Amino acid sequence: MNLPIDDADVHRAAMRARALAAREAALPEHRAVWEAAIAVHLDDLIGRLQPRVLAFCWPFRAEADLRAWVTRWLAGDASRVAALPVVTAKDAPLVFRRWIPGAALARDRYGIPFPPHGEAIRPDLALAPLNAFDARGYRLGYGGGYFDRTLAAMPLTAIGVGFELGREADVLPQAHDRAMDWLVTEAGAVPAVR
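Below, the structure is looked at part by part. Everything numeric here is computed off the predicted structure, so don't read it as measured data.

Digging into helix 2 (residues 28-49)
Owing to its 3.6 residues per turn, the α-helix brings residues three or four apart onto one side.
Thought 1: Under the 1.5 Å per step criterion, the end-to-end length of helix 2 is 30 Å for 22 residues, consistent within 8% with the ideal 32 Å.
Thought 2: Those residues of helix 2 that fall on the buried side of the exposure criterion are Arg31, Trp34, Ile38, Ala39, Leu42, Leu45 and Ile46.
Thought 3: Residue Gln50 follows helix 2 closely and has a positive phi angle near 55 degrees.

Next comes the structure, spelled out in structure tokens:
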């Protein structure tokens, strides 16, 4: 769908709001079932991709909570490293710092925990949360463009992780948007359709 930029922005904002409202309204027990299915699909996909350094996001606004899955993944091999994103400047790419379960974390202006210290590390693969998304792998985050800037500056395998209730036919990507390589929801793990 080709819309003028202003119209596309209105439609994208409506899709984001709809996806967030549906996710936040979902019952915790439903999200728990969906998260369990996502964990099974991640086991298979990450087992095939074999990253050494994996980035993920702390759950925000009823996103899929991957902390237990990442903790389990780390326990499977002592050479594995997990990382969380850190916002260092408004218009800059994300920086990733090592996450160790149980380590002290600071909170950003939204209350999202992040490692306050440590050197930046480069992940092989990043699990990015999905609000609204389409089969081509384009996603709507929260509108800050952090993941898009990061993927432009730091090519890596990007896996969008979210719930089917956020699926749209077309999220109307803009020129700067970067598509995910894979999509993982409770329904399965599939490569983005190019």
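Brief notes about the side chain of Asn131
Thought 1: Among the structural elements, Asn131 can be located in the loop between strand 6 (125-129) and strand 7 (132-133).
Thought 2: For Asn131, the side chain forms a polar contact with the side chain of Arg23, separated by 2.7 Å.
Thought 3: A polar contact of 2.7 Å, which involves the side chain of Asn131, links it to the backbone oxygen of Gly141.
Thought 4: Once residues within four sequence positions are removed from consideration, Asn131 is found in contact with Arg16, Ala19, Leu20, Arg23, Leu140, Gly141, Tyr142 and Gly166.

Observations concerning the pairing of strand 10 (residues 182-185)
Thought 1: Going residue by residue along strand 10, you find Trp182 and Val184 tucked away on one face and Leu183 and Thr185 tucked away on the opposite face as well.
Thought 2: Pairing of strand 9 (residues 157-161) with strand 10 involves three bridges; the strand directions are parallel. Each residue of the ladder has a partner; that of Val161, found in strand 10, is Val184.
Thought 3: Here four bridges tie strand 10 to strand 11 (residues 188-191), and the two strands are oriented antiparallel to one another. What sits directly across from Trp182, in strand 11, is Pro191.
Thought 4: Linking two consecutive strands that pair antiparallel, namely strand 10 and strand 11, is a turn of two residues.

Rules used throughout
- Along each chain, numbering runs from 1 in the same order as the chain's sequence is written.
- Given that the model is predicted, a residue must reach a pLDDT of at least 70 before its local features are reported, and side-chain atom pairs must reach 80 or more before they are shown or counted; all residues, however, enter totals for whole chains, interfaces and linings.
- As a rule here, side-chain values cover all heavy atoms of the structure and leave hydrogens and water aside.
- Under the DSSP-based scheme used, a helix requires at least four consecutive residues in state H or I and a strand at least two consecutive residues in state E, with every element numbered from the N terminus.
- Expected span of a helix: the number of residues minus one, times 1.5 Å.
- Each residue is assigned to one of three classes by its accessible area relative to the maximum for its type, calculated with a 1.4 Å probe on protein chains only: buried under 20%, partly exposed between the two thresholds, exposed over 50%.
- Pairs of N or O atoms are called polar contacts if they sit within 3.5 Å, as long as, within protein, a hydrogen donor faces a hydrogen acceptor (for residues adjacent in sequence, only side-chain-to-side-chain pairs).
- Throughout, a residue-residue contact means that at least one pair of heavy atoms, one from each residue, lies within 4.5 Å.
- Pairing between strands requires that DSSP locate at least two bridges from one strand to the other.

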